[in-house]
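Here is what each chain is made of, one letter per residue.
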Amino acid sequence: MAFFYGTMPEVVAQFVAYVLYRWEINIRMAAILGVVGAGGLGQMLYMSLSLFQQPQAMTVIIAMLSW
């Protein structure tokens, strides 16, 4: 019981910050790997931008940010 009231409030903020940090890193790495040829959202973004399909590119960007 003391763990939930004493330790958890201190740890939750750090845990949430770490989870959000790792999430950002994973999204960036997926985009970078896709642009350089590994597929995924980065490849879709690269193809949309190279073909001047701005609505589709914006959809991919929104998917990257909301995923």
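Provided above is the structure to which this section pertains.
Residues numbered from 1 in each chain as written. Predicted model: local features only at pLDDT ≥ 70, side-chain atom pairs only at ≥ 80, totals over all residues. Heavy atoms only, no water.

Enquirer: Could you give me a rundown of the packing of helix H2 (residues 41-50) against helix H3 (residues 54-66), with the residues and numbers involved?
Expert: Two numbers describe how H2 lies on H3: the axes approach to 8 Å, and their chain directions differ by 155 degrees. By the angle class used here, H2 and H3 are roughly antiparallel. For H2 against H3, the interelement crossing comes out left-handed. Residues Leu41, Gly42, Met44, Leu45, Ser48 and Leu49 of H2 pack against Gln56, Ala57, Val60, Ile61 and Met64 of H3. Split by residue class, the contact of H2 with H3 holds eight nonpolar, three polar and no charged. (Axes fitted to C-alpha atoms, helices over the stretch in contact; angles between N-to-C directions. Helix = DSSP H or I, 4+ residues; strand = E, 2+ residues; numbered from the N terminus. Parallel < 35°, antiparallel > 145°, perpendicular 65-115°, else oblique. Left-handed = near helix turned anticlockwise from the far one by under 90°. Contact = heavy atoms within 4.5 Å. Nonpolar A, V, L, I, M, F, W, Y, C, P; charged D, E, K, R; others polar.)

Enquirer: Help me get a handle on the pattern of salt bridges, residues and values and all.
Expert: Opposite charge on two side chains permits pairing when their charged atoms draw close. Within the structure shown, the criterion is met by one salt bridge. When the shortest N-O distance is used, the salt bridge between Glu24 and Arg28 registers 2.7 Å. Pair noted here: Glu24 and Arg28 are both in helix H1 (residues 2-38), with a separation of four residues, about one helical turn. A relative accessible area of 34% places Glu24 in the partly exposed class. (Salt bridge = Lys/Arg side-chain N within 4 Å of Asp/Glu carboxyl O. Buried < 20%, exposed > 50% of the residue type's maximum accessible area, 1.4 Å probe, protein only.)

Enquirer: I'd like a description of a nonpolar patch on the surface, backed by residues and values.
Expert: The grouping of Val11, Val12, Phe15, Val16, Tyr18, Val19, Leu20, Tyr21 and Trp23 at the surface amounts to a nonpolar patch, some 870 Å² of accessible area in total. Inspection of the secondary structure puts Tyr18 in helix H1. (Patch = residues over 30% accessible without salt bridge, like charges linked within 9 Å, V, L, I, M, F, W, Y side chains within 5 Å. Areas by Shrake-Rupley, 256 points an atom, 1.4 Å probe, with all protein chains shown as cover.)

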